[in-house]
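Tertiary structure, described
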Amino acid sequence: MVDGNHMMKINVIYEDNHLILVEKPPNILSQSDITGDTDMVSLVKEYIKTKYNKPGNVYLGLLHRLDRPVGGLLLFAKTSKAASRMTDQIKKHLVQKYYLAVVSGRISGNGTFNDYLKKLPNGNTIVTNDTDGKQAILDYKTLEYSKDNNKTLVEVHLRTGRHHQIRVQFASRGYPLCGDQRYGVLDKTQIALYAYKLEFTHPVTKERMTFEKYPSGSYWTMFTL
C-alpha cells in the first residue's frame, strides 16, 4: 500500500464534504482482496486522513466497483448519509455509467445487447439463459472505426451492472475488447475499457452532476478522443 515513504498519488476529479470522485488507474483494485495488493479504498482513506489531518479511522463508502484491469471514474461517499442516498440512487438506476471501449472488428451504428449472464466458480462469466442467469443489458454507440487496425471505438451505457458484463457481451458476439486477457486475445496488453463518464444527483444539494475523463495511450491513440 505504501511504497517506501511514497503514497501513490491519486487524481481527485471532484471533492466536497459528502462525495469524492477519483480516477482509478488500471490494475489497481477497487477494494482490498486476498492478494493484499494496493486498493483504491485504502488510498482514498489515506488521502483524506493526510489532507484533513484526521486521526483514527476515516469513513469511506465505496459506491460501485471497477474490474482490476479497468481504469476510470470511481465515486465514494464521505459520510454514511451520502452513502445510503447514493446507494438508493444506484438501485433506482438514477446513476448513469458510461464507458469507452475499443473492440476488435467493425461494429456500426447503435444498438442494445440483452443477455443472461452467469458467473462461474473460476471467476469467468458466460452467456446462459433466463432460468440460469441474471439479465444483463447495455446500449452501445459506435464512435469511430480504425480501418488500418480493424478496431472500433464504442461508447457503452450500462443499464445493469453484472460481473464482467461489457467484456462478455461484446466477446460473445465476436467483438472481444482489445487487451482483454480473459475473454479476448492473450497478448499482455492493457484492456481498452475505461469508465469515462458518470451522471448522478448530488445526495445533499440535489444538483444533477456529470463528470467526464478521457483515457490516453495504448489502443486509445488510434482514435480522436
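These figures come from a predicted structure and were not determined experimentally.

Each helix and strand counted, the protein chain has 3 helices and 11 strands in total. Counted from the first residue to the last, the protein chain has its helices and strands arranged as β-β-α-β-β-α-β-β-β-β-β-α-β-β. Its C-alpha atoms give the protein chain principal-axis dimensions of about 50 × 40 × 40 Å. Across the protein chain, every contact between residues at least 6 apart in sequence was considered, and the portion connecting residues at least 24 apart equals 62%. As displayed, the protein chain offers around 11,700 Å² of accessible surface, 48% of which is attributable to carbon and sulfur atoms.

Here we take up the environment of Leu63. Turning to its location among the elements, Leu63 is positioned in the loop between β3 (61-62) and β4 (71-77). Here Leu63 falls in the buried class, since its relative accessible area comes to 13%. Through-space distance from the C-alpha of Leu63 to that of Thr87 is 6.5 Å; in sequence the pair is 24 residues apart.

Below, the discussion takes up helix α2 (residues 80-91). In a regular helix each residue adds 1.5 Å, so 12 residues correspond to 16 Å; α2 covers 16 Å between its end C-alpha atoms and thus fits that length. Within the sequence span of α2, burial applies to Ala82, Ala83, Met86 and Gln89. The arc that holds every buried residue of α2, seen down its axis, measures 125 degrees, which confines them to one face. Of the surrounding elements, those touching the buried residues of α2 are β2 (19-24), β4, β10 (193-201) and β11 (208-212). Following α2 by one or two positions, His93 adopts a phi angle in the positive range, close to 60 degrees.

A word on the pairing of β11. Moving residue by residue along a regular strand, the side chains alternate between the two faces of the sheet. Only one face of β11 is buried: it carries Met209 and Phe211, and the other face, with Arg208, Thr210 and Glu212, is open. Relative to β11, β10 runs antiparallel, the two sharing 5 bridges. By the bridge assignment for β11, Lys197 is matched with Glu212. Counting the residues between successive antiparallel strands, the hairpin from β10 to β11 contains 6 residues, one of them, Lys206, with a positive phi of roughly 65 degrees.

Positive phi, normally seen in glycine, also occurs at Asn27, with a value near 70 degrees. Residue placement: Asn27 occurs in the loop between β2 and α1 (40-51). The phi dihedral of Ser218 falls on the positive side, at around 45 degrees, and the residue is not glycine. Its place among the elements puts Ser218 in the segment after β11. According to the relative accessible area criterion, Ser218 is partly exposed, its value standing at 45%.

A word on the nonpolar core. In terms of nonpolar packing, the biggest core is built from 31 residues, with Met40, Val44, Phe76, Ile166 and Phe170 touching the most fellow members. Put simply, the parts of the chain that give this core at least two residues each are β2, α1, β4, β5 (96-104), β8 (134-146), β9 (151-158), α3 (165-171) and β10. Not counting the four nearest positions on each side in its chain, Phe76 is found in contact with His18, Leu19, Ile20, Val22, Met40, Val41, Val44, Leu60, Gly61, Leu62 and Leu63. Membership of the second largest hydrophobic core comes to 14 residues, among which are Leu73, Ala83, Val95 and Leu198.

Okay, the confidence of the model for the protein chain next. Mean pLDDT over the protein chain: 94, with 97% of residues reaching 70 or higher. The low-confidence segment residues 1-6 (pLDDT under 50) makes 6 contacts with residues lying over four places distant or belonging to another chain.

Right, let's get into the pairing of β5. Across the 9 residues that make up β5, a large majority, 8, are buried. Bridge count for β5 against β10 is 6 bridges, and the pairing is antiparallel. Note on β10: the bridge partner recorded for Tyr98 is Lys197. The sheet contact formed by β5 and β9 spans 8 bridges and is antiparallel. Counterpart to Val102 in the pairing with β9 is Leu153.

Thresholds applied
Residues numbered from 1 in each chain as written. Predicted model: local features only at pLDDT ≥ 70, side-chain atom pairs only at ≥ 80, totals over all residues. Heavy atoms only, no water. Helix = DSSP H or I, 4+ residues; strand = E, 2+ residues; numbered from the N terminus. Contact = heavy atoms within 4.5 Å. Areas by Shrake-Rupley, 256 points an atom, 1.4 Å probe, with all protein chains shown as cover. Buried < 20%, exposed > 50% of the residue type's maximum accessible area, 1.4 Å probe, protein only. Expected span 1.5 Å × (residues − 1). Arc of directions from axis to C-beta. Pairing = 2+ DSSP bridges. Core = buried A, V, L, I, M, F, W, Y, C linked by side-chain atoms within 4.5 Å. pLDDT = per-residue confidence, 0-100.

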